Structure formats: C-alpha cells, structure tokens
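# Results of the structural survey
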Amino acid sequence: MVGAPPGPRPTRRRYAMPRECFNRSHLSGSCLGITLFLRAPALASALVLAACQAESASFTLGIQPVLAPNQGSLLSEMSQIWVELEDPSGTTTPYEIESTASGTSSRLEGIPIPPDDIVVNIKGFTIATTDPASQEGISDMGAWGRSIPVAISDGYDDTVDVYVAGIDRMATFNSMDEPSYGAALASDGNGTFYSFGGTTAGTWDDPASDSILSWTLVPPTENFTFQQVGTLPSTYPDRDDDNEGATFTGRMNMTATLLEHGSHSDLGKILLTGGWNTFWNSYATSRQALLFDPETLTIEEITPMEAGRAMHQAVLLDTGEVIFFGGYDSSSDPESTYSGPLNISVSVEVYQPTNRTFSYATIPDATPTVLGASASMGNAALYCGGMYVDNGLTSLEWGAIPDCMSVNGFLEVQKENDLEYPTMLQAMAPLPDGSILMSGGIEFQDGETVPDITVVQASNKSWIFDGSSWTRTTEDMHEPRASHVMVALPDGRIVVAGGSSSISWYGEDTADPLSTVEIFDPGDGDPKDGTWTLLESVALPTGTSCMSHTTDPDYGIFIYGGLDSTENSVQHFALYSPNPLLGS
C-alpha cells in the first residue's frame, strides 16, 4: 500500500479571515475561513475551505497525498500550498498559503465570497528543508496537477488524492501487473497515461499484447494500479503480396502521439500508427492508423499510412502535423530463409490532422536507416543518423550514417549538415533557444561496419545543432549511454535517464544497462557551455534500456518498462517530477 491509512482526526489549526475583507453585498451574513491540518502519523494533509452562512453551512475539500514508495516521509514540515479559485465563468484567481505546519499562516486578504459551484484547483505545495551545504531553506517536494477540481456547492464535502514526489527526483513504482517492452505510451495532458500494446519479453517469439492500459494521477489509486480500458482492433500484415496472411491484434514498437497542437477537431486525441505482432517480424508489420479518444475511451480506425512501419519515430510539430521517420517496412521477401526484416524504410510520411490523411515521400539517394534520433524544430522535424544493415542472409553487418534531414508539414525535405560521426541509438531534445541537444549513442567511423553480434561501446558526448551546424558541448555526459530516454523539461533543462553503456546487434551481449539520471542545464548563455549534473540520489529501480516514455505538462516524464541486462522486460515504471514553479 503506497499511502498510509487515515489516522484519528487531529486537532485543527484554524486561520480565520476577518469579515472586513469580504463584500457582504455578495452574500449577506457570510464569511470564508481557511482551515489547514496535518494528520499524523498518516501521510496526509488537508486544505479546508469553509463558508459560513446563517446556518453555518460548510464547504470542505481535503487533500490526501499518496507517496511513491521510494520517497520516504516528505510531509514533516509543509511550508506552502497553492490553490486557485475558479468561478462559473472560468475566471481563475490564485492564492498562496504559507507556513501551514508552523502554527502561523498569512491571511489571504481579498478572497471574494464564492458563489455556488466554485471550483478549487489544487496547484501544489512544498516543504522546506535545510540544504546541508548552505544551511539555507530550500523547497524540494511538490504535488501538483493541471487541476484537481472539486465543485463546491452548499453543504458539499469531498476528499481527493494527490500524487506526491520529490521535486527533481525520480518516483519509482513496481506495481505493473506484467513486465513490458515495446509499448507505445502517451499522456492525455491531464494526469492520465496510456499504454498501447507491447510485449512481456524482449525475445523474438514473444507475442505482442493488444491491451490498452491506463494509469492515472488525478486522483491516483491507492496502489497505482493499471486498468485495462480497451483493446487494439485487428489489422492485416502489410506485405508486398497484397495483404496475404492472417489478421492480428497484438502490436509492439508502434507510435502514440497526443495531438495537442494546431487547429482541428481531433485535438486531445492520441494517434496510433504501425507496429508488428512479434519482435523483429516484418512479415506482420501494420500500416494501420488509429485515433484513441481519452475522454470516451473509444478507438477509431482512419485512413492507413502509405507504408507499414515498426520501430519508427513520430515527431509532433507546433503546427499540428506529425512527421514519421524510418523504421522497418514490410517489403522483406517472404521466400527468404532469413526470418528477420532486412528492409529499412527510406521514406518519410506526414500526417495532416485537418483531413486525417498521410502523405508519403521517398528520399532520393538516401541510405535506409532505423534507430536514429529525431526532435521537433517547431515547424519542422529533424532526423539524424541511424543504423543500416549491409545485407547478406548468413553474415549480417551493421553500421551507422551521419546524415541529417529536416521535414516540414508540407513534406518538404531539406538536407542538413551531417553529424561529425556516423551515429545510431542516440537521443535528441529541443532547447529553449530553438537549438537541438543530441547525446550519446553508438559512434562509427565513416564506412565502418561490424559483424552481427559484436559488442560496441556507447558514447558520452553531447552536441548542439543551432540550425546550421553541430558543435560539441563544453562538458560531456558523466556516463556513456545509448538507447536512453532524453526529454526537455518545461524550464528548459534536459533529463537523460537509463540506457546502456554498450550494445550489440541481437542485444544478447548488451552490457550493464544504466539506472542513473543526468540533467543538462543550458544556462542563460551559449547552450554549448551548459552543464551536465549526475543526480546521484535519483535513479531508476534497476539498470534499464529501451524504455517507453512520454511527458505530461504538469506531472513530468513517465518512464515505463524496458529491458534489463539479460534482455528481459522489466516490471517497474517511474515518474520524473520537475519543479512545478520553474518553466510554464
């Protein structure tokens, strides 16, 4: 059980507001009081808004924080609570309550008498601790969401759970029903995360799941359990021989993209594309496209992609289009004696949400790649590097390319400056000034290839792309890593988590997946002079690579499943919680 059960009702500290601060013409004979209490030893707190009329009717909102298992007791000294009152017209007014655990509280002067059906949004709270180095008070805990609303009406009384985690720390959980690898992950932007498909193992023969699972933080369940909310519909394998073969429903290595930009009727829906039904099986690669609606939990099949894809990449543009790069296509020869996919897509596709259609373009003179890196440049997407396979059915060799390209929503492809080294399995994320940060991966020399099961070491280098050229950062990452998670935080910093220090073609000899987390801070000057900080107290439960991940604008980075050092799927997930007071 994550959160402790409620204890005996505590003595309440009441901080009542003077009647002089209200406009009595709004509600004759009324007043508004604020009551705050801590419940010990249970891990709980509450904020109470009480409105007193002639009959002393009260409106009560309780906050019940639920802690991640690795967070310890963070509620020993709560210092601030942020609330937001929202009137029926949608107008919001923020308020801050300070020193709630110390026995004193600032009066919230000027709060209007709320009408019926006022909504109280719990925006966050922190505790104050002492920094051992500076001995100065710092805030290091927060619980927040876009909104945890409770409609207040006469006599209404309710309690809601609130997720709690250390700011700039990784909250880790081990309550997944099954291990997972290759699931597509997306957030609805309101505290609920969705997992689509995936498999319980990283082996070639393990079938993919067709389950759609949800996990919510608003409010969280007591044990943070996953709920099955649907299944993927059946699809045909996309093959050269006109869709021959049995239909399948399970999929892995597909993409899930929340459509949150642009102007169209599908805003808030999640676009699902491609995938295959078992690991490394291009004979069952789908080109199906689906729209999942988080509000109704319904799924709709739309016009399919032009080509089947798996292990491809999707980038959402600020203008609303989604760009798809690379991946394995479905053109492998079905008569081949080699059971794996030899054909890597050399095409890009653009999804236009206004008319729900895909446009397809083959890149002239390009080398087909998979496992490169991509990132949004605002109105275009950047894709660099990636792995290519040097054919042959009995002795495969593999390498990487340094090529970079950008693609906009009109499917206009532009060649960009190459990377300094051919690179694969690296990661990229945008910086506040519009540049792109790239980190890690496997580096090659030009034209270099290696045999199929050779183990190669990862890089710890990082680079900045300013729109025209690549520059190496002054500092390198603390650890070399490939197949890692790299995500931009709202405040402009970049989080890097997990990955592997080395990798092989089949993955059988992958050495020591990493559990560590690093932060890149670009600072206020030239981002190439930014700093890398290894967060020694923040880590995944175990070394993990190839994790699924997504972001929520308020709750942070959700990291789900992945592979351990034996190539088995892991049964944990984590949430990296940024400081809610930084960024926007």
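Values in this document were obtained by computation on a predicted structure and should not be read as measured data. Residue positions are counted from 1 within each chain, in the order its sequence is given. Per-residue local features of the predicted model are confined to residues with pLDDT of at least 70, and side-chain atom pairs are confined, for both listing and counting, to 80 or more; whole-chain, interface and lining totals are unaffected and use all residues. Computation of side-chain values: all heavy atoms of the structure, hydrogens and water removed.

To continue, consider the overall build of the protein. By definition, any uninterrupted DSSP run of H or I lasting at least four residues is a helix, any uninterrupted run of E lasting at least two residues is a strand, and each is numbered from the N terminus. Each helix and strand counted, the protein has zero helices and 46 strands in total. Looking at the 584 residues of the protein, the share that counts as buried comes to 56%. Here the open area of atoms and residues is found with the Shrake-Rupley method and a 1.4 Å probe, where only the protein chains shown may cover a residue. Working note: accessible area of the protein is about 23,500 Å², and carbon and sulfur atoms make up 46% of it. A 1.4 Å probe rolled over the protein chains alone gives each residue an accessible area, and that area as a share of the maximum for its type sets the label: buried under 20%, exposed over 50%, partly exposed in between.

Close approach of charged atoms allows side chains of opposite charge to pair. The working definition used for a salt bridge is a side-chain nitrogen of Lys or Arg within 4 Å of a carboxyl oxygen of Asp or Glu. For the coordinates displayed, the defined rule picks out 11 salt bridges. Taking the shortest distance from any N to any O, the salt bridge between Arg 356 and Glu 300 comes out at 2.8 Å. Taken as a pair, Arg 356 in the loop between β23 (347-352) and β24 (357-362) and Glu 300 in strand β20 (residues 298-302) lie far apart in primary sequence, 56 residues in all. A relative accessible area of 22% places Arg 356 in the partly exposed class.

What follows is about the environment of Thr 542. Structurally, Thr 542 can be placed in the loop between β43 (531-539) and β44 (548-552). Sequence separation between Thr 542 and Leu 563 is 21 residues, and the spatial gap between their C-alpha atoms is 9.9 Å.

Now for the sheet that holds β43. Pairing between the strands of a sheet comes from backbone hydrogen bonds, and it takes one of two forms, parallel or antiparallel. By the convention used here, strands pair only if DSSP detects at least 2 bridges between them. Read across the open sheet, the four strands follow the order β39-β40-β42-β43; overall the sheet is antiparallel. A strand with exactly one partner marks an edge of an open sheet, and here the two such strands are β39 (485-488) and β43. Across the sheet, the mean angle from the axis of one strand to that of its neighbour is 20 degrees, orientation sign disregarded. Sheet topology note: the β39/strand β40 (residues 494-497) ladder contains four bridges and is antiparallel. Following the sheet pairing, Ala 488 is matched in β40 by Ile 494. Between N-to-C directions, angles span 0 to 180 degrees; the directions come from axes that are lines fitted to C-alpha atoms, helices contributing only their stretch in contact.

This part takes up the confidence of the model for the protein. For every residue, the pLDDT score states the predictor's confidence, bounded by 0 at the bottom and 100 at the top. The pLDDT averaged across the protein works out to 75; a share of 65% of its residues lies at or above 70. In what follows, residue pairs with any heavy atoms lying within 4.5 Å of each other are defined as contacts. Contacts of residues 131-138 to residues separated by more than four positions or lying in other chains number nine contacts, the stretch itself having pLDDT below 50. Low pLDDT, under 50, characterises residues 332-341; the stretch is placed with 27 contacts to residues that sit more than four places away or in other chains.

Here, two cysteine sulfur atoms that lie within 2.5 Å of each other are counted as a disulfide. Tallied over the entire structure, the rule returns one disulfide. Here Cys 384 pairs with Cys 404 through a disulfide, and the sulfurs are 2.2 Å apart. Across the S-S bond of Cys 384 and Cys 404 the torsion is about 120 degrees, and the bridge reads as right-handed. Within this pair, whereas Cys 384 is found in strand β26 (residues 380-384), its partner Cys 404 is found in strand β29 (residues 404-408), the two being separated by 20 residues in sequence. When its relative accessible area of 0% is taken as the criterion, Cys 384 is described as buried.

This part covers the packing of aromatic side chains. Put simply, two rings from Phe, Tyr or Trp (the six-membered ring, in Trp's case) pair if the centres are within 6.5 Å, and we call them stacked under 30 degrees between planes, edge-to-face over 60, tilted for the rest. Going through the model one piece at a time under the given rule, you end up with 22 aromatic pairs. Centroid distance Trp 215 to Phe 558: 5.1 Å. Interplanar angle 15 degrees. Geometry classified as stacked. Of this pair, Trp 215 sits in strand β15 (residues 211-216) while Phe 558 is found in strand β45 (residues 556-560), placing the two residues 343 residues apart along the sequence. By the burial criterion, Trp 215 is buried, and Phe 558 matches it. Here the aromatic rings of Phe 325 and Tyr 383 are separated by 4.9 Å at their centres, their planes lie at 15 degrees, and the arrangement is stacked. On the criterion of sequence distance, the pair formed by Phe 325 in strand β22 (residues 322-325) and Tyr 383 in strand β26 is long-range, its members being 58 residues apart. Overall, the relative accessible area of 2% leaves Phe 325 in the buried class. The class of Tyr 383 is buried, set by a relative accessible area of 6%.

Strand order in the open sheet formed by four strands is β12-β46-β45-β44, with antiparallel pairing between adjacent strands. At either margin of the open sheet sits one strand with a lone partner, and together these are β12 (169-173) and β44. When the angles between neighbouring strand axes are averaged without regard to direction, this sheet yields 20 degrees. Relative to strand β46 (residues 573-577), β45 runs antiparallel, the two sharing four bridges. If you follow Ile 557 over to β46, its bridge partner there is Tyr 576.

The biggest cluster of nonpolar side chains holds 25 residues, and the ones touching the most others in it are Met 387, Met 424 and Ile 442. Elements with a minimum of two residues in this core: β27 (387-389) and β28 (397-400). Among residues more than four places away in sequence, those in contact with Ile 442 are Pro 422, Thr 423, Met 424, Leu 425, Val 456, Gln 457, Ala 458, Ala 482 and Ile 503. Only buried Ala, Val, Leu, Ile, Met, Phe, Trp, Tyr and Cys residues count toward a nonpolar core, and they belong to the same one when joined by side-chain atoms within 4.5 Å.

Turning our eyes to something else, we now look at the side chain of Thr 473. Mapped onto the elements, Thr 473 comes out in the loop between β38 (470-472) and β39. Residue Thr 473 is classed as buried on the basis of its relative accessible area of 4%. Polar contacts involving the side chain of Thr 473 include one to the side chain of Ser 462, which spans 2.4 Å. Counting of polar contacts relies on pairs of N or O atoms within 3.5 Å, with two restrictions inside protein: one atom must be capable of donating a hydrogen and the other of accepting it, and residues adjacent in sequence are counted only when both atoms are side-chain atoms. Here the side chain of Thr 473 touches Glu 475 through a polar contact of 2.5 Å, landing on its backbone oxygen. With residues up to four places along the chain from it excluded, the contact list for Thr 473 reads Leu 437, Ser 462, Trp 463, Ile 464, Phe 520, Lys 528 and Trp 532.

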